[in-house]
Amino acid sequence: MVRVVNVFKRFGDNEVLKGINLEVLRGKILVIIGPSGSGKSTLLRAINHLETVDDGEIWIEKVQVNLALTGRKFEKHINKIRQNLGMVFQHFNLFPHMTVMENVTMAPMLLKKTPRKDAEEAARRLLEKVDLIEKVNFYPAQLSGGQKQRVAIARALAMEPKVMLFDEVTSALDPELIGEVNKVMKKLAEEHMTMLIVTHEMRFAAEVADEVIFMADGVIVEQGPPDKLLHDPAEERTQRFLAEVFK
Amino acid sequence: MTGLDLSVLVEYFPMLLWGLMWTTILCACSIAFSLVAGVPLAVASISRNRWLRSITEFFLWIFRGTPLLLQLFLIYFGLPQIGIYLSPMVSGVLGLGIHYAVYNADVMRTGIVAVESGQHEASRSLGLSRAQTMRKVIIPQALRYVAPALGSNLIALLKESSLVSIITVPELTLAAQRAISDTFRPFEFYIAAGAIYYVVNYFLEMGLKRVEMKTALAR
């Protein structure tokens, strides 16, 4: 479903991704953990080309994301790919001038030409799923962080993506609001959505992941099933990180 | 003939009202023009295309750096020389409209730049193109940010519309001048015209406040 092949990325002199390889199969959940600055967010953002990469290949099913096209051609290519990739951000990035309903229906109506009635019906179902049906006509500013993030998830799901990318989606939330967002992500896991999740929450990682990757300094240090990697890591670097986190 | 005698106003009041009507039409058209033309100018001035950006910058710079009166003269007296004849009214709307479109573009540009990068990213990650992102996500927010500054531009436009009397648009200031040449009562009629401008501006300001309140972005 998602394949990353030998990807390199540099910011000036700073090499943030040094030959990353990974694969996520359909319906599987990959969780990426690691200290800040390890390149995990950059990697996730590279998958839908919010970051360019300097070398290597990124594939979504049978389509390469980082094709060597230019200008309008690339723009068309990437917009099409992005419609299949839902992304949720640390800081929600809801559209503040639109209601919850408008946030969720805008993209399908604009890009898929879904009639308003159908788009709103679909949005209601999604808002039901994230437990926010009573907030349809609210503006983002009237919502709590946890509610905003659940709207952001619904907004991404409205395009019916094949893969969901979660970039530290609970890091900006008050502790008591994290649970409600995690609950929604678990629901998606039960529906066998393919997901890549960058997170700092080891307990959540242990619960949902099929596979966990530990990244540090731009490389994948260790990779494995959550039980093994989180409780009995082979690498010293991983052990140090986990000891720090669980302290 | 000495002292202030406001009774002369009564007879000429319809004339002033007639002038007010033209001022209103002139300003409504110029305001609409300046807002509508301001958006593409603002977007072009921060375009990724270097040529488009430079040309726009140059255009903005020319219109910001030269007097409105001169621009009006160029349009009304200059253009006929190359075969373009425009009525006083059209010249006025064009002159005021372009001049303030440039100021509005400046303001709008700061608004567009002020929208957080996360908004671009969220929109692009849904699959919207750059242009769609601008139209649906960035510009609506930018305009809300800069609504107060745009408002002061529009109030300035209304006041500067009096300049257009010089190219014979029969608006309020020219109406006052005609009344004066009939009556030799400059003091009364300029005060009257001033009062009318003030009242119109007051209503414009009220209207702008309401728009601002309605579109204010809670964050």
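Residues numbered from 1 in each chain as written. Chains lettered and ligands numbered in written order. Predicted model: local features only at pLDDT ≥ 70, side-chain atom pairs only at ≥ 80, totals over all residues. Heavy atoms only, no water.

S.K.: Just give me the short version of the sheet that holds strand β1 (residues 2-11) of chain A, but keep the residues and values in it.
M.R.: The sheet built from 4 strands is open, its strands ordered β2-β1-β4-β5 (chain A) with antiparallel pairing. At either margin of the open sheet sits one strand with a lone partner, and together these are β2 (14-24) and β5 (63-64) of chain A. (Pairing = 2+ DSSP bridges. Helix = DSSP H or I, 4+ residues; strand = E, 2+ residues; numbered from the N terminus.)

S.K.: Can you tell me about the pairing of strand β10 (residues 219-224) of chain A, naming the residues and giving the values?
M.R.: Residue and element names in this part refer to chain A. Across 5 bridges, strand β9 (residues 211-216) lies against β10 in antiparallel orientation. In the sheet register, Ala216 faces β10, and the bridge partner there is Val219. What sits between the antiparallel neighbours β9 and β10 is a turn of 2 residues, in which Asp217 has the positive phi angle 50 degrees.

S.K.: If you had to explain the pairing of β1(A) to someone new, which residues and values would you point to?
M.R.: Residues and elements named next belong to chain A. Where β1 lies against β2, 8 bridges are found, and the strand directions are antiparallel. Looking across to β2, one finds that Val7 is bridged to Ile20. Turn length for the β1-β2 hairpin, with the two strands adjacent in sequence and antiparallel, is 2 residues, and the turn residue Gly12 shows positive phi of about 60 degrees. Pairing analysis gives 5 bridges linking β1 to strand β4 (residues 55-60), with the strands arranged antiparallel. When the sheet's bridge partners are listed, Phe8 is paired in β4 with Asp55.

S.K.: Describe the pattern of salt bridges, and please don't skip the residues or the numbers.
M.R.: All names here are of chain A. Across all of its chains, the model carries 20 salt bridges over all chains by this definition. Glu61 serves as the salt-bridge partner of Arg26, at 2.9 Å between the closest nitrogen and oxygen. Residue Arg26 is found in the loop between β2 and β3 (29-33), and its partner Glu61 is found in the loop between β4 and β5; the two are separated by 35 residues along the sequence. Assessed through its relative accessible area of 32%, Glu61 is described here as partly exposed. For Lys129, the salt bridge identified is with Glu191, shortest N-O distance 2.8 Å. Taken together, the residues Lys129 in helix α4 (residues 116-129) and Glu191 in the loop between α6 (175-190) and β8 (194-198) connect sequence positions 62 residues apart. We classify Lys129 as partly exposed; its relative accessible area is 22%. (Salt bridge = Lys/Arg side-chain N within 4 Å of Asp/Glu carboxyl O. Buried < 20%, exposed > 50% of the residue type's maximum accessible area, 1.4 Å probe, protein only.)

S.K.: Tell me about the environment of A:Gly27, residues and numbers included.
M.R.: Residues and elements named next belong to chain A. Secondary-structure assignment places Gly27 in the loop between β2 and β3. Owing to a relative accessible area of 18%, Gly27 belongs among the buried residues under this scheme. Taking the C-alpha atoms as reference, Gly27 lies 20 Å from Arg45; in sequence the two are 18 residues apart. Leave out the neighbours within four places in its chain, and Gly27 touches His192, Met193, Thr194 and Asp210. (Contact = heavy atoms within 4.5 Å.)

S.K.: Could you give an account of empty space enclosed by the protein, with specific residues and numbers?
M.R.: For the structure on display, the rule yields 3 cavities of 30 Å³ or more. Computed from the structure, the largest cavity encloses a volume of approximately 50 Å³. Its residues assigned to classes, the lining of the largest cavity shows 5 nonpolar, 5 polar and 2 charged. (1 Å grid on protein atoms, 1.4 Å probe; cavity = no way out; pocket = protein on both sides within 12 Å on 5 of 7 lines; lining within 4 Å. Points joined across faces, edges and corners; volume = space filled by probe spheres on them. Nonpolar A, V, L, I, M, F, W, Y, C, P; charged D, E, K, R; others polar.)

S.K.: Residues and numbers for the interface of chain A and chain B, please.
M.R.: If you look at the interface, chain A gives 25 residues, while chain B gives 22 residues. Where chain A abuts chain B, roughly 2000 Å² becomes buried across the two surfaces, and 61% of that area is made up of carbon and sulfur atoms. When the area that chain A buries against chain B is broken down by residue, the three leading residues are A:Pro96, A:His97 and A:Leu110, summing to 27%. Viewed at the interface, chain B and chain A are joined by 3 salt bridges. Between B:Arg124 and A:Glu75 there is a salt bridge, with its nearest N and O atoms 3.3 Å apart. Connecting chain A to chain B are 7 residue pairs in polar contact (both at pLDDT 80 or more). Taken together, the elements giving at least two residues each to the side of chain A that touches chain B come down to α2 (71-82), β6 (85-88), α3 (100-111) and α5 (145-157) of chain A. Taken together, the residues of the side of chain A that touches chain B sort by class into 16 nonpolar, 5 polar and 4 charged. (Buried area = accessible area lost by both parts, 1.4 Å probe. Polar contact = N/O pair within 3.5 Å; in protein donor to acceptor, adjacent residues only side chain to side chain.)

S.K.: Would you mind going over the packing of α3(A) against helix α6 (residues 130-160) of chain B in detail, with residue names and values included?
M.R.: The geometry of α3(A) relative to α6(B) is characterised by a closest axis approach of 13 Å and an angle of 145 degrees between their N-to-C directions. Both α3(A) and α6(B) take part in a crossing whose hand is right-handed. Facing α3(A), whose interface residues are A:Met106, A:Leu110 and A:Leu111, α6(B) presents B:Gln132, B:Arg135, B:Lys136 and B:Val137. (Axes fitted to C-alpha atoms, helices over the stretch in contact; angles between N-to-C directions. Left-handed = near helix turned anticlockwise from the far one by under 90°.)

S.K.: So, the layout of surface pockets: which residues are in play, and what are the values?
M.R.: Of the pockets and cavities examined, the largest pocket occupies roughly 1400 Å³. Around the largest pocket, the lining comprises 38 residues; the ones closest to its centre are A:Glu75, B:Arg124, B:Ser129, B:Arg130 and B:Ala131. Counting only elements with at least two residues in the lining of the largest pocket, the list comes to α2 of chain A together with α1 (8-45), α4 (88-114), α5 (117-125) and α6 of chain B. Among the elements that take part in the lining of the largest pocket, α2(A) stands out by supplying 9 residues, more than any other. When its volume is computed, the second largest pocket comes out at roughly 260 Å³. As for the second largest pocket, its lining consists of 13 residues, of which B:Leu35, B:Leu143, B:Ala147, B:Leu150 and B:Val211 are closest to the centre. Elements supplying a minimum of two residues to the lining of the second largest pocket: α1, α6 and α8 (186-215) of chain B. When residues in the lining of the second largest pocket are grouped by element, the largest group, 6 residues, is from α6(B). Per-class residue counts for the lining of the second largest pocket are 9 nonpolar, 2 polar and 2 charged.

S.K.: Lay out the packing of α1(B) against α6(B) in plain terms, naming residues and giving numbers.
M.R.: Residue and element names in this part refer to chain B. It is the contact of α1 with α6, at a shortest axis distance of 11 Å, that shows an interaxial angle of 140 degrees. Viewed along their axes, α1 and α6 adopt a mutual orientation that is oblique. As α1 runs across α6, the sense of the crossing is right-handed. From α1, Cys27, Ser30, Ile31, Ser34, Leu35, Val39 and Val43 reach across to α6, where they touch Met134, Ile139, Leu150, Leu154, Leu157 and Leu158. The residue makeup of the contact of α1 with α6, split by class, is 11 nonpolar, 2 polar and no charged. (Parallel < 35°, antiparallel > 145°, perpendicular 65-115°, else oblique.)

All quantities given are derived from atomic positions and should not be read as evidence of function.
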